[in-house]
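# Structural description and commentary
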Amino acid sequence: MAYFLELLISGALTGLMYALVALGFVLIYKSAGVPNLAQGALVMTAGYAVWLVMSWGLPVWAAIPIAGAIMFGFGLVVERLLLRRMVGQPVIMVVMLTLGLEILLRGLVPGILGSAPKPIDLGIDFAPIIIGDVFINRTSLYGGIAALVLVGAALAFFRTRLGTKLRAVSDDHVSSWAVGISVERAIGISWGLAGVAAVVAGALWGSSQGVDWTLSALLFPAVAVVILGGVDSIHGVVLGGILVGVLGTVIPGYLDSVAGGSTRDVVTSLIILLTIMIRPFGMFGREDIERI
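Residues numbered from 1 in each chain as written. Predicted model: local features only at pLDDT ≥ 70, side-chain atom pairs only at ≥ 80, totals over all residues. Heavy atoms only, no water.

The interhelical angle for the contact between helix 3 (residues 60-81) and helix 8 (residues 183-209), taken along N-to-C directions, is 145°, at an axis separation of 7 Å. The hand of the helix 3/helix 8 crossing is right-handed. Side by side, helix 3 and helix 8 meet where Ile64, Ala67, Gly68, Met71, Phe72, Gly75, Leu76, Val78 and Glu79 of the first sit next to Glu184, Ile187, Gly188, Ile189, Trp191, Gly192, Leu193, Gly195, Val196, Val199 and Ala203 of the second. Counted by class, the contact of helix 3 with helix 8 contains 13 nonpolar, five polar and two charged residues. (Axes fitted to C-alpha atoms, helices over the stretch in contact; angles between N-to-C directions. Helix = DSSP H or I, 4+ residues; strand = E, 2+ residues; numbered from the N terminus. Left-handed = near helix turned anticlockwise from the far one by under 90°. Contact = heavy atoms within 4.5 Å. Nonpolar A, V, L, I, M, F, W, Y, C, P; charged D, E, K, R; others polar.)

Below, the structure is given as structure tokens:
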């Protein structure tokens with residue numbers, strides 16, 4: 001029973017850590033209406049940014065805001081140099097552009113800053129929290145708390161005047177232009193906000209496993225979280241993250257010894273496939289019905 005509880009708690013907290021990555025995906029989709037397949041590389045780049053700023057001798061409480069400003073600016077640059085050229089193009093071409101950006105960053109950033117894992121010390125004690133026979137990872141616990149705080153902040157943001165404008169842009173670019181909303185600026189801000197969310201995710205995941213190219217692989221479970229929770233649902237990333245994390249931890253916890261390992265990826269893949277087949281808009285996503 002203690003083993004099951006430990007897997008359950010660990011899975012839920014890991015899932016909330018996945019939600020940190022998925023949040024950036026949802027922020028862009030909810031603001032621009034475009035799936036962002038570069039979010040994994042953004043998290044990796046943000047992790048490198050935190051490590052680089054800390055290597056200048058700055059404390060973590062200063063390094064994270066500076067890295068956040070860097071990634072916000074990076075998001076604006078991506079919109080100005082890449083996405084603005086895709087205005088009027090089919091959505092699939094924009095998706096392919098983000099995939100190309102993912103591949104580019106995955107090779108370019110480690111190539112410039114080094115592929116060896118970079119440590120990030122957030123001052124979190126590595127000793128686990130022990131409750132009875134259950135061990136709880138402190139980094140995962142703080143990551144789960146950070147995910148809930150960021151999700152709450154995102155929900156509050158989309159109730160503001162600027163957030164309403166971003167949602168309008170996601171619904172219809174042409175109508176937004178017609179009422180005087182700068183679509184380009186809105187898309188740039190959404191990418192900037194996704195970069196800020198990536199800094200928190202990159203710092204926490206980097207603290208847990210080090211910063212290298214493997215952080216970009218977080219895109220896979222994040223996509224499962226987004227598909228399950230709903231691509232346009234901010235609160236959906238919380239429940240989706242918890243479910244993906246729990247299923248991806250509890251099931252491998254019992255099957256890995258029998259199957260020889262690597263069942264986590266199989267579970268994540270099945271979550272994606274079954275969700276698309278049964279409920280393609282996710283648990284909380286908006287179902288768009290078009291009249292033909």
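There's plenty left to go through after this.
According to UniProt, the feature "transmembrane region" (unreviewed entry) maps to residues 6-29, 60-78, 90-109, 141-158, 186-207, 213-231, 238-255 and 267-285 in the numbering used here. Along residues 186-207 the backbone is 100% helical and 0% strand, and the end-to-end C-alpha distance reaches 32 Å. Taken as a whole, residues 238-255 contains 100% helix and 0% strand, while its terminal C-alpha atoms sit 26 Å from one another. (UniProt positions renumbered as here; feature names shortened; annotations may be inferred.)

Our focus in this paragraph is the nonpolar core. Within the largest apolar cluster, 74 residues are counted, with the highest numbers of intra-cluster contacts made by Trp191, Trp205 and Val237. Not counting residues within four places of it along the chain, the set of residues in contact with tryptophan 205 comprises Thr14, Met17, Tyr18, Val21, Gly210, Leu215 and Leu218. (Core = buried A, V, L, I, M, F, W, Y, C linked by side-chain atoms within 4.5 Å. Buried < 20%, exposed > 50% of the residue type's maximum accessible area, 1.4 Å probe, protein only.)

We now examine the packing of helix 6 (residues 161-171) against helix 8. Between helix 6 and helix 8, whose axes approach to 10 Å, the crossing angle comes to 110°. Judged by the inter-axis angle, helix 6 sits roughly perpendicular to helix 8. Residues Leu162, Leu166 and Val169 of helix 6 form the contact with helix 8, whose participating residues are Val183, Arg185, Ala186, Ile187, Ile189 and Leu193. Among the residues forming the contact of helix 6 with helix 8, the class breakdown is eight nonpolar, no polar and one charged. (Parallel < 35°, antiparallel > 145°, perpendicular 65-115°, else oblique.)

With 23 residues, helix 4 (residues 91-113) extends 33 Å from end C-alpha to end C-alpha; this agrees with the ideal 33 Å at 1.5 Å per step. Three or more residues of helix 4 are buried, namely Val94, Val95, Thr98, Leu101, Glu102, Leu105, Val109 and Pro110. In this structure, the buried residues of helix 4 make contact with helix 2 (39-55), helix 3, helix 8 and helix 9 (219-229). The first or second residue beyond helix 4 is glycine 114, which carries a positive phi of 105°. (Expected span 1.5 Å × (residues − 1).)

Each pocket or cavity is described by its volume, and for the second largest pocket that value is around 250 Å³. Tyr18, Ala217, Leu218, Pro221 and Arg264 are, among the 13 residues lining the second largest pocket, the residues nearest its centre. Elements represented by at least two residues in the lining of the second largest pocket include exactly helix 1 (2-32), helix 8, helix 9 and helix 11 (263-278). When grouped by side-chain class, the residues that make up the lining of the second largest pocket number six nonpolar, five polar and two charged. (1 Å grid on protein atoms, 1.4 Å probe; cavity = no way out; pocket = protein on both sides within 12 Å on 5 of 7 lines; lining within 4 Å. Points joined across faces, edges and corners; volume = space filled by probe spheres on them.)

Turning next to the environment of methionine 93. Among the structural elements, methionine 93 can be located in helix 4. When its relative accessible area of 42% is taken as the criterion, methionine 93 is described as partly exposed. In this structure, the C-alpha to C-alpha distance between methionine 93 and threonine 268, residues 175 residues apart in sequence, is 26 Å.

Topologically, leucine 228 is positioned in helix 9. Residue leucine 228 is classed as buried on the basis of its relative accessible area, which comes to 12%. Considered as a pair, leucine 228 and leucine 239 are eleven residues apart in the sequence and their alpha carbons are 8.7 Å apart. Once residues within four sequence positions are removed from consideration, leucine 228 is found in contact with Gly240, Leu243, Val244, Ile271, Thr275, Gly282 and Met283.

Another point: the packing of aromatic side chains. As enumerated under the stated definition, the model contains three aromatic pairs in all. Plain terms: the ring middles of tyrosine 3 and tyrosine 254 are 5.5 Å apart, the flat faces sit at 80° to each other, and that makes the pair edge-to-face. Here tyrosine 3, found in helix 1, pairs with tyrosine 254, found in helix 10 (residues 236-259); they are 251 residues apart in sequence, far enough to count as distant. Overall, tyrosine 3 belongs to the partly exposed group, its relative accessible area being 44%. When the ring of tyrosine 18 is compared with that of tryptophan 205, the centres are 5.7 Å apart and the planes differ by 10°; the resulting orientation is stacked. (Phe/Tyr/Trp six-rings, centres within 6.5 Å; stacked < 30°, edge-to-face > 60°.)

A separate point is the pattern of salt bridges. Going through the model one piece at a time under the given rule, you end up with two salt bridges. When the shortest N-O distance is used, the salt bridge between arginine 84 and glutamate 79 registers 3.0 Å. Residue class for arginine 84 comes out partly exposed when judged on its relative accessible area of 32%. Looking at glutamate 79, the relative accessible area reads 4%, which means it is buried. (Salt bridge = Lys/Arg side-chain N within 4 Å of Asp/Glu carboxyl O.)

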